[in-house]
Amino acid sequence: MSQRGNILFLILLAVVLFAALSYAITSSMRGGGNDASKETAEMAATQILQNATAIEQAMMRARTVEGIPDYGFNLKGSNSGSTQTNTTCTVSACKIFSDQGGSVASVGLPQAAWDDAAKANGGQNTLFVAAQILDIGTAAEDLVINLPHINLATCQALNRAFGLTHSITAIESWGGYVNYTGTLTAFPDATGIIIGNDVTALRGQRSACFYNGVSNGYTFYHVLIAR
């Protein structure tokens, strides 16, 4: 009887250990899901950065090799979220996105990058604006890509890539910039609020994500042409 009792005890112990192991594996997988969420934000941030860098490089090449002026680019891209045209641009060298004859793939950025407000409005709203970033170039306006309504996780992933640790809840009241569009014969003038006035950590930063208030949410910018 004693041996049978020991065997039953060992069987029960094995069942308990198996249940504990199963729970540990399940918890680990759930933890992996959390990591996957962070990984999704990292991937979205990487795509945003790759896209912005590709645009910047295309512009640099066009200005250096083709002599395209800083006011001469057509930034419309049917799939990129940009509707901004510039009728001054009449050759392929000044067109940026591939569906308009340029070299940069005109693709939508990942849905995982956007907040609920952006998704409710159909996704991204890619803007190209004339705006000044403090301690970048001169006091002249720079050409900047502006992506409002990034979600918090992607915004944080972007800032980690830049080594930025500023408070993500601090409001940088960026506004009054001028859209880069129309029939441009000179670089647009803007008299709006300068990035770096409120959040000093943004001064001298060519790329960053910050909180731009309720109307625009977390916003990513990248300087394409520093002037």
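Just above, that's the structure.
Quick notes on the rules
- Residues numbered from 1 in each chain as written.
- Predicted model: local features only at pLDDT ≥ 70, side-chain atom pairs only at ≥ 80, totals over all residues.
- Heavy atoms only, no water.
- Disulfide = S-S within 2.5 Å.
- Buried < 20%, exposed > 50% of the residue type's maximum accessible area, 1.4 Å probe, protein only.
- Helix = DSSP H or I, 4+ residues; strand = E, 2+ residues; numbered from the N terminus.
- Salt bridge = Lys/Arg side-chain N within 4 Å of Asp/Glu carboxyl O.
- Phe/Tyr/Trp six-rings, centres within 6.5 Å; stacked < 30°, edge-to-face > 60°.
- Core = buried A, V, L, I, M, F, W, Y, C linked by side-chain atoms within 4.5 Å.
- Contact = heavy atoms within 4.5 Å.
- Pairing = 2+ DSSP bridges.
- Axes fitted to C-alpha atoms, helices over the stretch in contact; angles between N-to-C directions.

Undergrad: I tried to follow the state of the cysteines on my own but got confused; where do I start?
TA: In a disulfide, the sulfur atoms of two cysteines are held together by a covalent bond. Enumeration according to the criterion identifies two disulfides in this entry. At a sulfur-sulfur separation of 2.0 Å, the disulfide partner of Cys-89 is Cys-94. Negative torsions about the S-S bond denote left-handed disulfides, and the value of about 95° found for Cys-89 with Cys-94 makes this one right-handed. The pair Cys-89 / Cys-94 is uniform in exposure class, with both members buried. The disulfide that involves Cys-155 links it to Cys-209, with 2.1 Å between the sulfurs. Note on the Cys-155 and Cys-209 pair: the S-S dihedral is about -120°, so by sign convention the disulfide is left-handed. Placement of Cys-155 in helix α3 (residues 152-162) and of Cys-209 in strand β4 (residues 207-211) is noted, with a sequence separation of 54 residues between them.

Undergrad: Whenever I open this one, the pattern of salt bridges confuses me. Can you help?
TA: Two side chains carrying opposite charge are able to pair once their charged atoms lie near each other. Taken as a whole and judged by the stated rule, the model has three salt bridges. As a salt-bridge pair, Arg-206 and Glu-56 come within 2.9 Å of each other at their nearest N and O atoms. A residue pair is termed long-range when its members are at least 10 positions apart, and Arg-206 in the loop between β3 (178-179) and β4 and Glu-56 in helix α1 (residues 2-65) qualify at 150 residues. On the basis of relative accessibility, which here comes to 31%, the residue Arg-206 falls in the partly exposed class.

Undergrad: For this particular structure, what's the right way to read the packing of aromatic side chains?
TA: Aromatic ring pairs are described here by two measures, namely the spacing of the ring centres and the angle between the planes. On inspection of all chains with the given rule, the structure shows eight aromatic pairs. These aromatic residues form a ring-pair network of at least three members: Trp-174, Tyr-177, Phe-210 and Tyr-221.

Undergrad: Just to check I follow, could you spell out the nonpolar core for this structure?
TA: In globular proteins that are soluble, nonpolar side chains generally tend to be buried together. Grouped together as the largest cluster of nonpolar side chains are 41 residues, with contacts concentrated most on Ile-55, Met-59, Phe-73, Ile-96, Phe-128 and Phe-220. Among the elements that line this core, the one with the most residues is α1, at 10 residues. Look past the residues within four positions of Ile-96 in its chain and what remains in contact with it is Ile-55, Ala-58, Met-59, Phe-73, Asn-74, Leu-75, Gly-102, Ser-103 and Val-104. One finds Val-144, Ile-195, Ala-208 and Val-223 within the second-largest nonpolar core, a separate group that totals 15 residues.

Undergrad: Can you walk me through the pairing of strand β5 (residues 218-225) in this structure?
TA: It is a general feature of regular strands that their side chains alternate between the two faces of the sheet. Of all eight residues in β5, eight are buried; the element is thus mostly enclosed. Where strand β2 (residues 142-150) lies against β5, six bridges are found, and the strand directions are antiparallel. Bridged to Val-144 within β5 is Val-223. Two elements, β4 and β5, share five bridges in a ladder whose sense is antiparallel. Note that in β5 the partner of Ala-208 across the bridge is Tyr-221. In this antiparallel pair of consecutive strands, β4 and β5, the connection spans six residues, and Gly-213 shows a positive phi of 85°.

Undergrad: Explain the sheet that holds strand β1 (residues 127-131) here, please?
TA: Backbone hydrogen bonds are what pair the strands of a sheet, in a parallel or an antiparallel way. A sheet is described by the order of its strands in space; here five strands give the open sequence β3-β1-β2-β5-β4, paired in antiparallel fashion. Two strands bound the open sheet, and with one partner strand each, they are β3 and β4. Its contacts with the sheet put α3 on β2, β4 and β5, and the angle it makes with β4 is roughly 145°.

Taken by themselves, the reported measurements are silent on function.
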